[in-house]
2 protein chains.
Amino acid sequence: MFLLHPQLKADTFFVAKLQLCELRLMDDSRFSWLILVPQREDIKAVHRLEENDQLTLIRESSAVSNLLTAMTTPDRINIGALGNVVSQLHWHVVARSQSDACWPGPVWGCGERIPYVVQERERLINRLQNEFSSLGL
Amino acid sequence: MFLLHPQLKADTFFVAKLQLCELRLMDDSRFSWLILVPQREDIKAVHRLEENDQLTLIRESSAVSNLLTAMTTPDRINIGALGNVVSQLHWHVVARSQSDACWPGPVWGCGERIPYVVQERERLINRLQNEFSSLGL
């Protein structure tokens, strides 16, 4: 059974269930940073997913990338899976700006998270949910 | 026409041409670190590739991940595309160990590269070429 890792649960907020992944918002207001967690049991790496799931993951990643690009007109989208700290497979999609706190370095391990204020977070999650429901993923 | 970015050319060595990507070895002996560069003109992000190319990229990424896992028995494989420094789309596959120089942080922007000595590099590239030719990618 798929269970979200407690650390991911603590650091992120639920946005939507897609075909493969649970889409979550990283609670770090410095970045537009989404996390895709494949709803599969005990998977720690992309290459351990079944091939069809790998293909779905990259499709969902690109859908999220396109959406973040439309919403934030970033300079770059950073994507990837590390898992050095939290082993459960989770896939990052981060909109980056040349003026952001960590540019041009990676966001992982960079400074301290700045949690969203509740109202801002709820507004963003609502907007993401609306956008994703219109995509029909 | 596909042209490799001069910075990527300077930092990496040619290993093989796969179906979509040129496979290159990052010249940093601290890590087993391979780079996949889709041989497509003027593409800066995964979600800008045509869908078939995205699917091929994730397949090639997983083939490289499996190979590095077999060769180095790492603690984790880190994969992803950032491009904050070099804009041409290039995909990282890095074998990580809990004892490596940057663990648990990311390799990007961590310390200084330690280039391979020539003999070690040539031996590694030969080995990678042999492994990949047997995969038939």
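In this text the structure is predicted, and so the values were computed from the model without any measurement.

For the state of the cysteines, give the residues involved together with the corresponding values.
Residues and elements named next belong to chain A. Inspection of the entire model under this criterion finds 2 disulfides over all chains. Cys102 shares a disulfide with Cys110; S-S distance 2.0 Å. Between Cys102 and Cys110 the sulfur-sulfur dihedral comes to about -95°; the bridge is accordingly left-handed.

For the sheet that holds strand β2 (residues 21-26) of chain B, give the residues involved together with the corresponding values.
Ordered in space as β1(A)-β2(A)-β3(A)-β5(A)-β4(A)-β4(B)-β5(B)-β3(B)-β2(B)-β1(B), the 10 strands form an open sheet in which the pairing is antiparallel. Each of the sheet's edge strands pairs with one partner strand only, and the pair in question is β1 (12-17) of chain A together with β1 (12-17) of chain B. Here the strands of the sheet are splayed against their neighbours by 25° on average, with no regard to which way each runs. Here helix α3 (residues 118-135) of chain A sits on the sheet and contacts β1, β2 (21-26) and β3 (32-38) of chain A; the angle it forms with β1(A), its principal contact strand, is near 20°.

So what's going on with the relation of the copies chain B and chain A? Residues and values would help.
Overlay of chain B on chain A (RMSD 0.0 Å): rotation 180°, translation along the axis 0.0 Å. Here the copies are linked by what is in effect a two-fold axis. Measuring from the rotation axis to each C-alpha of chain B, the shortest distance belongs to Gly80(B), at 1.8 Å. Here 100% of the contact residues of chain B are again contact residues in chain A; the copies associate through an equivalent surface.

Residues and numbers for the UniProt feature "domain: HIT" (unreviewed entry) in chain A, please.
In this structure's numbering, the residues bearing the UniProt feature "domain: HIT" (unreviewed entry) are residues 34-103 of chain A. Between the C-alpha atoms that bound residues 34-103 of chain A the distance is 17 Å, and the span itself is 31% helix and 24% strand.

Summarise the interface of chain B and chain A; cite the residues concerned and give the values.
Across the contact, 31 residues belong to chain B and 31 residues belong to chain A. Here chain B and chain A share an interface that buries about 2700 Å² over both sides, 53% of which is from carbon and sulfur atoms. On the chain B side of the contact with chain A, His47(B), Arg76(B) and Asn84(B) bury the most area, a combined 25% of that side's loss. Taken together, the links from chain B to chain A amount to 2 salt bridges. With its nearest N and O atoms 2.3 Å apart, the salt bridge here joins Glu51(A) to Arg59(B). Viewed at the interface, chain A and chain B are joined by 20 residue pairs in polar contact (both at pLDDT 80 or more). Going through the elements one at a time, α2 (51-72), β4 (76-81) and β5 (91-96) of chain B are the ones with two or more residues in the side of chain B that touches chain A. By residue number, the principal contributor to the side of chain B that touches chain A is α2(B), which donates 9 residues.

Cut-offs applied
Residues numbered from 1 in each chain as written. Chains lettered and ligands numbered in written order. Predicted model: local features only at pLDDT ≥ 70, side-chain atom pairs only at ≥ 80, totals over all residues. Heavy atoms only, no water. Disulfide = S-S within 2.5 Å. Pairing = 2+ DSSP bridges. Helix = DSSP H or I, 4+ residues; strand = E, 2+ residues; numbered from the N terminus. Axes fitted to C-alpha atoms, helices over the stretch in contact; angles between N-to-C directions. Contact = heavy atoms within 4.5 Å. Least-squares fit on C-alpha atoms with pLDDT ≥ 70 in both. UniProt positions renumbered as here; feature names shortened; annotations may be inferred. Buried area = accessible area lost by both parts, 1.4 Å probe. Salt bridge = Lys/Arg side-chain N within 4 Å of Asp/Glu carboxyl O. Polar contact = N/O pair within 3.5 Å; in protein donor to acceptor, adjacent residues only side chain to side chain.

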